[in-house]
Amino acid sequence: KRYYQNVGRKGVMNLGIFNLKYDQGRDWAINESGKILKAGARVVDYGCGIGYLSVALAERNGYQVYALDVEGTPTMEFLKWRKHKHNIDGNLVPIEFGGSVPEGVDLDGVDGVFMISVLEHLYDPYGALEWATNNVKPGGFLYCDGWQQMPKDGEPQHLAKYDHHKITKNFCKMGWKEAPENPYLYFRI
């Protein structure tokens, strides 16, 4: 938490540069999620950062997006600014972990959760996955990737590397079924 609260403008810029690079998960979410979701679907962008995915999903895809990230961070402030700049106030709701959920927002029974490049940043990844399992409605989806990053010098935010087969096995135990056409897409049973 402290790392993300202290990244400052440089951290926001670094995330912006990172988000300009091609990312299979973000590309799928923006361009292919319409095959399983209708306009107005309620989705969570868990670990949204500067909102690269959140803004696109709300603006281009017409989804109701709940963008979750660490409270009190420059990235969350930047996301709030982007929300107003893009005039998507009604479709994008920033929610800070550790803060309160805005009045009238119910995350129970969402259509899906995106966790793109998130698990390797979490001390309790299975707690986050449990949260998704408890909040996604049956038949809903989880799009989860990014568990292959390894901690590097100067990048303390990458905490661990996960084995795809082990994590998929755990997903299945939690009530998810892997989609055969996409190794990062899971459906709630």
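For clarity, every value in this text was computed on a predicted model and none was experimentally measured. (Residues numbered from 1 in each chain as written. Predicted model: local features only at pLDDT ≥ 70, side-chain atom pairs only at ≥ 80, totals over all residues. Heavy atoms only, no water.)

## Thoughts on helix α6 (residues 125-135)
At step 1: For α6, the complete set of buried residues consists of Pro125, Ala128, Leu129, Ala132, Thr133 and Asn135.
At step 2: The elements touched by buried residues of α6 are β1 (42-46), β4 (110-115), β5 (136-144), α7 (164-173), β6 (176-178) and β7 (185-188). (Buried < 20%, exposed > 50% of the residue type's maximum accessible area, 1.4 Å probe, protein only. Helix = DSSP H or I, 4+ residues; strand = E, 2+ residues; numbered from the N terminus. Contact = heavy atoms within 4.5 Å.)

## Side note on the packing of aromatic side chains
At step 1: A complete count under the given rule lists 6 aromatic pairs for this structure.
At step 2: For the pair Trp28 and Tyr143, a centre-to-centre distance of 4.7 Å together with 10 degrees between the ring planes defines the contact as stacked. With Trp28 in helix α3 (residues 24-31) and Tyr143 in strand β5, the pair connects residues that are 115 residues apart, well separated along the chain. Each member of the pair Trp28 and Tyr143 is classed as buried.
At step 3: Ring geometry for Phe114 against Phe141: centres 5.1 Å apart, planes inclined by 65 degrees, an arrangement best described as edge-to-face. A residue pair is termed long-range when its members are at least 10 positions apart, and Phe114 in strand β4 and Phe141 in strand β5 qualify at 27 residues. Note on accessibility: Phe114 and Phe141 belong to one class, buried.
At step 4: Among the aromatic residues, those joined into a cluster by ring pairs are Trp28, Tyr143 and Tyr184. (Phe/Tyr/Trp six-rings, centres within 6.5 Å; stacked < 30°, edge-to-face > 60°.)

## Details of the pattern of salt bridges
At step 1: For the coordinates displayed, the defined rule picks out 4 salt bridges.
At step 2: Note that Lys35 is salt-bridged to Glu32, the shortest N-O span being 2.5 Å.
At step 3: Judged by relative accessible area, which is 27%, Glu32 ranks as partly exposed.
At step 4: With a closest N to O distance of 3.8 Å, Glu96 and Lys80 form a salt bridge. Here Glu96, found in strand β3 (residues 92-97), pairs with Lys80, found in helix α5 (residues 74-85); they are 16 residues apart in sequence, far enough to count as distant. (Salt bridge = Lys/Arg side-chain N within 4 Å of Asp/Glu carboxyl O.)

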